[in-house]
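# Close look at the chain arrangement
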Amino acid sequence: MRDFVRIIQAGDLHLGTAFSGSGFPVAKAKQRRRELLATFRRLCDTAVERDVDAMLLVGDLFEAEWVSQAEVAEVRHLLGEFGRPVFISPGNHDCLEAGGPYDWGDWPANVHIFGPEVSSISLADVRLTVHGFGYGSRWVKQNPFQGYRVPEDDFFQVVMIHGSYDAPEGTPYLPITKSEVEALGADYVAFGHYHQPQVLLGEERLLQAAYAGSLEPLGYDERDEHGAFLLDVTKGGARVEWLDVAERMYRRVEVDLTGCTSMLEAAEKVKEQIPLERKGRDLLDVVFVGTVDPSFLLDADDLQDRVKEYVFHLRMQDHTEPDIDGDAYFPQSAPGRFAAKMRARLEEATDERQRRILERALALGLTAYERGKVVRG
(Lines give C-alpha, C1' and ligand atoms only; values in the text may rest on other atoms or scores of the structure.)
Protein backbone atom coordinates (compact mmCIF):
# COMPACT_ATOMS: atom_id res chain seq x y z
CA MET A 1 0.00 0.00 0.00
CA ARG A 2 1.39 3.40 -1.06
CA ASP A 3 2.14 5.77 1.82
CA PHE A 4 1.29 8.95 -0.13
CA VAL A 5 -1.13 10.40 -2.66
CA ARG A 6 0.16 12.61 -5.49
CA ILE A 7 -1.74 15.79 -6.29
CA ILE A 8 -1.23 19.06 -8.15
CA GLN A 9 -2.20 22.34 -6.49
CA ALA A 10 -2.83 25.32 -8.74
CA GLY A 11 -5.12 28.33 -8.85
CA ASP A 12 -5.68 32.02 -9.46
CA LEU A 13 -5.24 31.77 -13.22
CA HIS A 14 -8.03 34.31 -13.85
CA LEU A 15 -8.77 33.02 -17.34
CA GLY A 16 -10.36 35.76 -19.41
CA THR A 17 -8.35 38.59 -17.85
CA ALA A 18 -8.43 41.51 -20.27
CA PHE A 19 -5.07 43.03 -19.19
CA SER A 20 -6.71 46.42 -19.78
CA GLY A 21 -4.58 48.17 -17.16
CA SER A 22 -1.32 46.47 -18.08
CA GLY A 23 0.06 49.14 -20.36
CA PHE A 24 0.24 46.56 -23.19
CA PRO A 25 -0.79 47.45 -26.71
CA VAL A 26 -4.00 45.68 -27.76
CA ALA A 27 -2.20 42.89 -29.64
CA LYS A 28 -0.03 42.00 -26.65
CA ALA A 29 -3.01 42.06 -24.28
CA LYS A 30 -4.84 39.59 -26.53
CA GLN A 31 -1.73 37.42 -26.73
CA ARG A 32 -1.40 37.34 -22.95
CA ARG A 33 -5.05 36.30 -22.66
CA ARG A 34 -4.41 33.40 -25.06
CA GLU A 35 -1.29 32.47 -23.12
CA LEU A 36 -3.29 31.97 -19.91
CA LEU A 37 -5.24 29.21 -21.63
CA ALA A 38 -2.03 27.74 -23.05
CA THR A 39 -0.57 27.62 -19.54
CA PHE A 40 -3.65 25.74 -18.33
CA ARG A 41 -3.18 23.20 -21.14
CA ARG A 42 0.45 22.84 -20.07
CA LEU A 43 -0.68 22.23 -16.48
CA CYS A 44 -2.98 19.42 -17.61
CA ASP A 45 -0.23 17.84 -19.73
CA THR A 46 2.20 18.05 -16.81
CA ALA A 47 -0.35 16.42 -14.49
CA VAL A 48 -0.57 13.44 -16.84
CA GLU A 49 3.21 13.23 -17.27
CA ARG A 50 3.75 13.25 -13.52
CA ASP A 51 1.04 10.65 -12.99
CA VAL A 52 -0.93 12.58 -10.38
CA ASP A 53 -3.91 11.07 -8.58
CA ALA A 54 -5.88 14.31 -8.45
CA MET A 55 -5.78 17.99 -9.34
CA LEU A 56 -6.79 20.81 -6.97
CA LEU A 57 -7.81 24.15 -8.52
CA VAL A 58 -8.03 26.47 -5.53
CA GLY A 59 -10.24 29.31 -6.77
CA ASP A 60 -10.29 32.16 -9.31
CA LEU A 61 -9.78 29.83 -12.23
CA PHE A 62 -11.86 32.34 -14.21
CA GLU A 63 -12.24 36.09 -14.33
CA ALA A 64 -16.02 35.75 -14.50
CA GLU A 65 -16.68 39.26 -15.79
CA TRP A 66 -14.50 38.78 -18.88
CA VAL A 67 -14.05 35.07 -19.60
CA SER A 68 -15.71 33.81 -22.79
CA GLN A 69 -17.91 30.76 -23.18
CA ALA A 70 -15.32 29.35 -25.61
CA GLU A 71 -12.57 29.60 -22.99
CA VAL A 72 -14.72 27.88 -20.36
CA ALA A 73 -15.67 25.18 -22.86
CA GLU A 74 -12.00 24.51 -23.57
CA VAL A 75 -11.28 24.17 -19.85
CA ARG A 76 -14.11 21.63 -19.53
CA HIS A 77 -12.71 19.72 -22.51
CA LEU A 78 -9.15 19.69 -21.16
CA LEU A 79 -10.26 18.48 -17.75
CA GLY A 80 -12.40 15.79 -19.33
CA GLU A 81 -9.41 14.60 -21.37
CA PHE A 82 -7.29 14.61 -18.22
CA GLY A 83 -9.76 12.10 -16.87
CA ARG A 84 -8.52 11.90 -13.29
CA PRO A 85 -10.29 13.51 -10.32
CA VAL A 86 -10.34 17.31 -10.35
CA PHE A 87 -11.54 19.42 -7.42
CA ILE A 88 -12.48 23.09 -7.90
CA SER A 89 -13.21 25.54 -5.10
CA PRO A 90 -14.65 28.70 -6.74
CA GLY A 91 -13.25 31.95 -5.37
CA ASN A 92 -14.28 35.59 -5.26
CA HIS A 93 -13.56 36.21 -8.96
CA ASP A 94 -15.44 33.13 -10.21
CA CYS A 95 -18.03 32.68 -7.47
CA LEU A 96 -21.14 30.54 -7.86
CA GLU A 97 -23.56 33.35 -8.64
CA ALA A 98 -26.32 32.36 -11.05
CA GLY A 99 -25.32 32.71 -14.68
CA GLY A 100 -21.59 32.50 -13.94
CA PRO A 101 -19.03 30.41 -15.87
CA TYR A 102 -19.79 27.23 -13.90
CA ASP A 103 -23.37 27.36 -15.29
CA TRP A 104 -22.35 27.53 -18.94
CA GLY A 105 -22.32 23.83 -19.70
CA ASP A 106 -22.06 20.34 -18.31
CA TRP A 107 -18.84 19.57 -16.52
CA PRO A 108 -17.07 16.21 -17.00
CA ALA A 109 -17.87 13.46 -14.50
CA ASN A 110 -14.32 13.56 -13.12
CA VAL A 111 -14.71 17.21 -12.01
CA HIS A 112 -16.17 18.12 -8.62
CA ILE A 113 -17.06 21.77 -7.94
CA PHE A 114 -17.48 22.57 -4.26
CA GLY A 115 -20.62 24.50 -3.30
CA PRO A 116 -21.22 27.25 -0.70
CA GLU A 117 -21.23 24.80 2.19
CA VAL A 118 -18.14 22.97 3.42
CA SER A 119 -18.25 19.40 2.15
CA SER A 120 -15.92 16.52 1.31
CA ILE A 121 -15.34 13.87 -1.35
CA SER A 122 -13.37 10.66 -0.79
CA LEU A 123 -11.41 8.62 -3.31
CA ALA A 124 -11.18 5.12 -1.85
CA ASP A 125 -8.67 3.80 -4.40
CA VAL A 126 -5.98 6.27 -3.32
CA ARG A 127 -7.24 6.86 0.25
CA LEU A 128 -7.76 10.58 -0.28
CA THR A 129 -10.47 12.82 1.15
CA VAL A 130 -10.70 16.39 -0.14
CA HIS A 131 -12.63 19.00 1.82
CA GLY A 132 -13.64 22.28 0.21
CA PHE A 133 -15.89 25.29 -0.07
CA GLY A 134 -16.97 27.46 -3.00
CA TYR A 135 -17.85 31.15 -2.74
CA GLY A 136 -21.59 31.63 -3.21
CA SER A 137 -21.05 35.37 -3.69
CA ARG A 138 -18.11 37.70 -4.14
CA TRP A 139 -17.58 38.14 -0.42
CA VAL A 140 -17.16 35.62 2.35
CA LYS A 141 -16.70 37.66 5.51
CA GLN A 142 -16.76 34.78 7.98
CA ASN A 143 -14.67 31.62 8.04
CA PRO A 144 -16.99 28.74 6.98
CA PHE A 145 -14.42 26.23 8.33
CA GLN A 146 -14.86 27.57 11.88
CA GLY A 147 -15.19 24.50 14.13
CA TYR A 148 -14.68 22.09 11.22
CA ARG A 149 -12.36 19.12 11.73
CA VAL A 150 -11.41 16.37 9.31
CA PRO A 151 -11.99 12.71 10.27
CA GLU A 152 -9.28 10.78 12.05
CA ASP A 153 -8.93 7.76 9.78
CA ASP A 154 -6.36 6.20 7.49
CA PHE A 155 -7.22 8.45 4.53
CA PHE A 156 -5.02 11.37 3.51
CA GLN A 157 -6.96 14.49 4.51
CA VAL A 158 -6.61 17.57 2.30
CA VAL A 159 -8.50 20.86 2.67
CA MET A 160 -8.92 23.48 -0.08
CA ILE A 161 -9.32 27.12 1.01
CA HIS A 162 -9.54 30.19 -1.20
CA GLY A 163 -9.00 32.74 1.50
CA SER A 164 -6.96 35.24 3.46
CA TYR A 165 -4.51 33.67 5.91
CA ASP A 166 -3.95 35.74 9.06
CA ALA A 167 -5.30 38.84 7.31
CA PRO A 168 -6.27 42.13 8.99
CA GLU A 169 -9.69 42.25 10.64
CA GLY A 170 -12.50 43.02 8.21
CA THR A 171 -11.04 41.20 5.24
CA PRO A 172 -14.05 40.11 3.11
CA TYR A 173 -12.35 37.12 1.48
CA LEU A 174 -12.66 34.18 3.87
CA PRO A 175 -10.41 35.27 6.74
CA ILE A 176 -8.76 32.39 8.57
CA THR A 177 -6.14 32.36 11.31
CA LYS A 178 -3.17 30.09 11.87
CA SER A 179 -4.86 28.48 14.88
CA GLU A 180 -8.01 27.81 12.84
CA VAL A 181 -5.95 26.15 10.11
CA GLU A 182 -4.18 23.96 12.66
CA ALA A 183 -7.51 23.05 14.28
CA LEU A 184 -8.70 21.48 11.01
CA GLY A 185 -6.43 18.52 11.69
CA ALA A 186 -5.66 18.09 7.97
CA ASP A 187 -2.54 16.52 6.56
CA TYR A 188 -2.32 19.41 4.09
CA VAL A 189 -4.23 22.66 3.43
CA ALA A 190 -4.07 24.00 -0.15
CA PHE A 191 -4.57 27.77 -0.22
CA GLY A 192 -5.58 30.07 -3.06
CA HIS A 193 -6.27 33.85 -3.32
CA TYR A 194 -2.81 35.35 -2.76
CA HIS A 195 -0.79 35.38 -5.98
CA GLN A 196 2.73 34.88 -4.64
CA PRO A 197 3.83 31.35 -3.59
CA GLN A 198 4.04 31.26 0.18
CA VAL A 199 4.69 28.55 2.75
CA LEU A 200 2.39 28.95 5.76
CA LEU A 201 2.97 25.88 7.90
CA GLY A 202 5.68 23.24 7.71
CA GLU A 203 8.01 21.12 9.80
CA GLU A 204 10.47 18.26 9.41
CA ARG A 205 10.69 18.76 5.63
CA LEU A 206 6.92 18.37 5.31
CA LEU A 207 4.56 21.12 4.21
CA GLN A 208 1.24 21.47 6.03
CA ALA A 209 -0.23 24.60 4.39
CA ALA A 210 0.78 26.86 1.50
CA TYR A 211 -0.25 29.15 -1.32
CA ALA A 212 1.00 27.96 -4.70
CA GLY A 213 0.33 31.46 -6.06
CA SER A 214 -1.09 32.41 -9.45
CA LEU A 215 -0.39 29.85 -12.14
CA GLU A 216 0.64 32.59 -14.57
CA PRO A 217 1.77 36.05 -13.34
CA LEU A 218 -0.77 38.77 -14.08
CA GLY A 219 1.02 42.02 -13.24
CA TYR A 220 4.27 43.73 -12.31
CA ASP A 221 3.57 43.06 -8.64
CA GLU A 222 3.72 39.29 -9.29
CA ARG A 223 7.43 38.94 -9.88
CA ASP A 224 9.70 35.96 -10.36
CA GLU A 225 8.63 32.34 -10.92
CA HIS A 226 5.00 31.26 -11.03
CA GLY A 227 3.53 27.83 -11.49
CA ALA A 228 2.07 25.00 -9.43
CA PHE A 229 2.91 22.57 -6.63
CA LEU A 230 3.38 18.85 -7.15
CA LEU A 231 2.60 17.36 -3.75
CA ASP A 232 3.15 13.89 -2.37
CA VAL A 233 0.76 14.08 0.58
CA THR A 234 1.44 11.68 3.39
CA LYS A 235 0.15 11.51 6.96
CA GLY A 236 1.28 14.71 8.68
CA GLY A 237 2.26 16.78 5.66
CA ALA A 238 3.40 16.87 2.06
CA ARG A 239 6.65 16.69 0.16
CA VAL A 240 6.59 19.44 -2.45
CA GLU A 241 8.13 19.99 -5.88
CA TRP A 242 7.84 23.25 -7.77
CA LEU A 243 6.42 23.05 -11.30
CA ASP A 244 7.53 25.98 -13.45
CA VAL A 245 4.69 25.91 -15.99
CA ALA A 246 4.19 29.66 -16.47
CA GLU A 247 4.80 31.06 -19.93
CA ARG A 248 6.33 34.32 -18.74
CA MET A 249 7.89 36.03 -15.75
CA TYR A 250 7.77 39.58 -14.47
CA ARG A 251 11.21 40.74 -13.36
CA ARG A 252 12.45 43.99 -11.84
CA VAL A 253 15.99 45.03 -12.72
CA GLU A 254 18.00 48.08 -11.76
CA VAL A 255 20.26 49.56 -14.43
CA ASP A 256 22.91 52.19 -13.64
CA LEU A 257 23.22 54.65 -16.50
CA THR A 258 26.07 56.71 -15.05
CA GLY A 259 28.23 57.78 -17.94
CA CYS A 260 25.69 56.87 -20.63
CA THR A 261 25.10 59.48 -23.30
CA SER A 262 22.70 57.74 -25.71
CA MET A 263 19.69 55.43 -25.93
CA LEU A 264 21.95 52.92 -27.69
CA GLU A 265 24.07 52.59 -24.54
CA ALA A 266 20.99 52.41 -22.32
CA ALA A 267 19.50 49.61 -24.43
CA GLU A 268 22.74 47.63 -24.32
CA LYS A 269 22.80 47.86 -20.53
CA VAL A 270 19.22 46.52 -20.40
CA LYS A 271 20.12 43.62 -22.70
CA GLU A 272 22.95 42.66 -20.34
CA GLN A 273 20.30 41.97 -17.66
CA ILE A 274 18.52 39.29 -19.71
CA PRO A 275 19.72 35.67 -19.39
CA LEU A 276 20.00 33.88 -22.71
CA GLU A 277 17.42 31.28 -21.70
CA ARG A 278 14.87 34.04 -20.91
CA LYS A 279 15.43 36.02 -24.13
CA GLY A 280 12.13 37.30 -25.49
CA ARG A 281 10.03 35.82 -22.67
CA ASP A 282 10.00 38.17 -19.72
CA LEU A 283 8.17 41.35 -18.80
CA LEU A 284 10.78 43.73 -17.42
CA ASP A 285 10.29 46.51 -14.93
CA VAL A 286 13.48 48.49 -15.54
CA VAL A 287 14.50 51.04 -12.91
CA PHE A 288 17.16 53.38 -14.27
CA VAL A 289 19.48 54.94 -11.70
CA GLY A 290 22.73 56.88 -11.80
CA THR A 291 23.86 60.34 -12.83
CA VAL A 292 23.40 61.35 -16.45
CA ASP A 293 24.04 64.38 -18.60
CA PRO A 294 21.07 66.77 -18.41
CA SER A 295 20.70 66.67 -22.19
CA PHE A 296 20.18 62.88 -22.16
CA LEU A 297 16.45 62.13 -21.96
CA LEU A 298 15.18 58.56 -21.68
CA ASP A 299 12.47 57.56 -24.16
CA ALA A 300 10.35 54.54 -23.18
CA ASP A 301 9.03 53.88 -26.70
CA ASP A 302 12.50 54.11 -28.19
CA LEU A 303 13.85 51.70 -25.58
CA GLN A 304 10.97 49.23 -26.07
CA ASP A 305 11.73 49.14 -29.80
CA ARG A 306 15.46 48.62 -29.26
CA VAL A 307 14.99 45.62 -26.93
CA LYS A 308 11.87 44.09 -28.51
CA GLU A 309 13.71 40.87 -29.39
CA TYR A 310 14.93 40.52 -25.81
CA VAL A 311 11.76 41.16 -23.76
CA PHE A 312 8.05 40.58 -24.27
CA HIS A 313 7.25 43.95 -22.74
CA LEU A 314 9.14 46.63 -20.86
CA ARG A 315 8.08 49.17 -18.28
CA MET A 316 10.57 51.93 -17.49
CA GLN A 317 11.06 53.95 -14.32
CA ASP A 318 13.48 56.85 -14.54
CA HIS A 319 15.20 57.41 -11.20
CA THR A 320 18.33 58.94 -12.69
CA GLU A 321 19.69 62.23 -11.46
CA PRO A 322 20.87 65.00 -13.79
CA ASP A 323 24.59 65.68 -13.56
CA ILE A 324 24.32 69.35 -12.71
CA ASP A 325 26.15 71.63 -10.33
CA GLY A 326 24.26 74.85 -9.64
CA ASP A 327 27.15 76.00 -7.46
CA ALA A 328 29.30 76.22 -10.58
CA TYR A 329 27.44 79.37 -11.59
CA PHE A 330 27.86 82.89 -10.21
CA PRO A 331 24.93 83.44 -7.81
CA GLN A 332 24.13 86.78 -9.51
CA SER A 333 24.20 85.28 -13.03
CA ALA A 334 20.97 84.32 -14.81
CA PRO A 335 21.59 80.54 -14.52
CA GLY A 336 22.71 81.00 -10.89
CA ARG A 337 19.50 82.82 -9.98
CA PHE A 338 17.47 80.23 -11.90
CA ALA A 339 19.17 77.36 -10.06
CA ALA A 340 18.58 79.01 -6.67
CA LYS A 341 14.87 79.51 -7.35
CA MET A 342 14.40 75.95 -8.58
CA ARG A 343 16.23 74.55 -5.55
CA ALA A 344 13.97 76.54 -3.25
CA ARG A 345 10.94 75.02 -4.95
CA LEU A 346 12.48 71.56 -4.66
CA GLU A 347 12.94 72.01 -0.92
CA GLU A 348 9.23 72.82 -0.58
CA ALA A 349 8.00 69.97 -2.79
CA THR A 350 6.46 67.03 -0.92
CA ASP A 351 5.09 65.01 -3.82
CA GLU A 352 7.65 62.70 -5.46
CA ARG A 353 6.19 63.20 -8.94
CA GLN A 354 6.40 66.96 -8.52
CA ARG A 355 10.02 66.68 -7.38
CA ARG A 356 10.92 64.67 -10.49
CA ILE A 357 9.33 67.32 -12.73
CA LEU A 358 11.17 70.14 -10.95
CA GLU A 359 14.48 68.27 -11.14
CA ARG A 360 14.01 67.77 -14.87
CA ALA A 361 13.05 71.40 -15.33
CA LEU A 362 16.20 72.48 -13.48
CA ALA A 363 18.33 70.22 -15.66
CA LEU A 364 16.75 71.41 -18.91
CA GLY A 365 16.96 75.06 -17.85
CA LEU A 366 20.65 74.86 -17.04
CA THR A 367 21.27 72.99 -20.28
CA ALA A 368 19.64 75.88 -22.12
CA TYR A 369 22.13 78.23 -20.46
CA GLU A 370 25.02 75.89 -21.25
CA ARG A 371 26.60 77.79 -24.13
CA GLY A 372 26.87 81.01 -22.20
CA LYS A 373 27.47 79.77 -18.64
CA VAL A 374 30.09 81.43 -16.51
CA VAL A 375 32.02 78.97 -14.33
CA ARG A 376 33.43 80.19 -11.03
CA GLY A 377 37.17 80.64 -11.25
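Note that the structure is predicted; figures quoted are calculated from it, not measured.

### Some thoughts on the sheet that holds strand β18 (residues 313-318)
Ordered in space as β15-β16-β18, the 3 strands form an open sheet in which the pairing is parallel. Either end of the sheet is taken by a strand with one partner, and the two such strands are β15 (250-256) and β18. Averaged over all neighbouring strand pairs, the angle between strand axes comes to 20°, with direction disregarded. Of the strand pairs in this sheet, strand β16 (residues 283-289) and β18 are connected by 6 bridges, and their pairing is parallel. Within β18, the position partnered with L284 by the bridge is L314.

### Let's talk about the packing of helix α1 (residues 26-49) against helix α2 (residues 69-82)
One way to put it is that α1 packs onto α2 with a least axis distance of 10 Å and a crossing angle of 10°. If you check the angle between α1 and α2, you find them roughly parallel. Only E71, E74, V75, L78, L79 and F82 of α2 make contact with α1, whose side of the interface consists of R33, L37, F40, R41, C44, A47 and V48. Classifying every residue of the contact of α1 with α2 by side-chain character gives 9 nonpolar, no polar and 4 charged.

### Topic: the nonpolar core
F40, M55, L57, L61 and L79 are the most contacted members of the largest nonpolar core, which has 39 residues in total. Contributing elements (two or more residues each) for this core: β1 (5-10), α1, β2 (54-57), α2, β3 (86-88) and β13 (228-234). For this core, the element with the highest residue contribution is α1, accounting for 7 residues. Once residues lying within four places of it in the same chain are set aside, the contact partners of L79 are F40, C44, M55, L57, V86, I88, W107, P108, N110 and V111. Counting residues in each nonpolar core, the second largest holds 23 residues, with A54, F114, V130 and V233 among its members.

### Remarks on the environment of F62
The topology assignment puts F62 in the loop between β2 and α2. Separated by 82 residues in the primary sequence, F62 and P144 have C-alpha atoms spaced 22 Å apart. Setting aside chain neighbours within four positions, we find F62 in contact with H14, L15, V67, V72, V75, H93, D94, P101, Y102 and W107.

### Focus: the confidence of the model for the chain
Residues with a pLDDT of 70 or more make up 96% of the chain, whose mean pLDDT is 92. Scored below 50 in pLDDT, residues 371-377 shows 9 contacts in the model against residues more than four places distant or in partner chains.

### Overview of the pattern of salt bridges
Tallied over the entire structure, the rule returns 20 salt bridges. Note that E268 is salt-bridged to K271, the shortest N-O span being 3.3 Å. Taken together, the residues span about one helical turn, with E268 and K271 both in helix α4 (residues 263-271) at a distance of 3 residues. Between D282 and R278 there is a salt bridge; the shortest N-O distance is 2.5 Å. In this structure, D282 and R278 share a single accessibility class: buried. Bridged by salt links that share partners, the residues R32, E35, E216 and R248 form one connected network.

### Let's talk about α2
What sets the pattern is the α-helix's 3.6 residues per turn: residues three or four places apart point alike. For α2, with 14 residues, the first-to-last C-alpha span of 20 Å sits near the 20 Å given by 1.5 Å per residue. The inward-facing, buried residues of α2 abut α1, β2, β3 and β4 (111-113). G83 occupies a position one or two residues after α2 and carries a positive phi of about 80°.

Thresholds, definitions, all that
- Residues numbered from 1 in each chain as written.
- Predicted model: local features only at pLDDT ≥ 70, side-chain atom pairs only at ≥ 80, totals over all residues.
- Heavy atoms only, no water.
- Pairing = 2+ DSSP bridges.
- Helix = DSSP H or I, 4+ residues; strand = E, 2+ residues; numbered from the N terminus.
- Axes fitted to C-alpha atoms, helices over the stretch in contact; angles between N-to-C directions.
- Parallel < 35°, antiparallel > 145°, perpendicular 65-115°, else oblique.
- Contact = heavy atoms within 4.5 Å.
- Nonpolar A, V, L, I, M, F, W, Y, C, P; charged D, E, K, R; others polar.
- Core = buried A, V, L, I, M, F, W, Y, C linked by side-chain atoms within 4.5 Å.
- Buried < 20%, exposed > 50% of the residue type's maximum accessible area, 1.4 Å probe, protein only.
- pLDDT = per-residue confidence, 0-100.
- Salt bridge = Lys/Arg side-chain N within 4 Å of Asp/Glu carboxyl O.
- Expected span 1.5 Å × (residues − 1).

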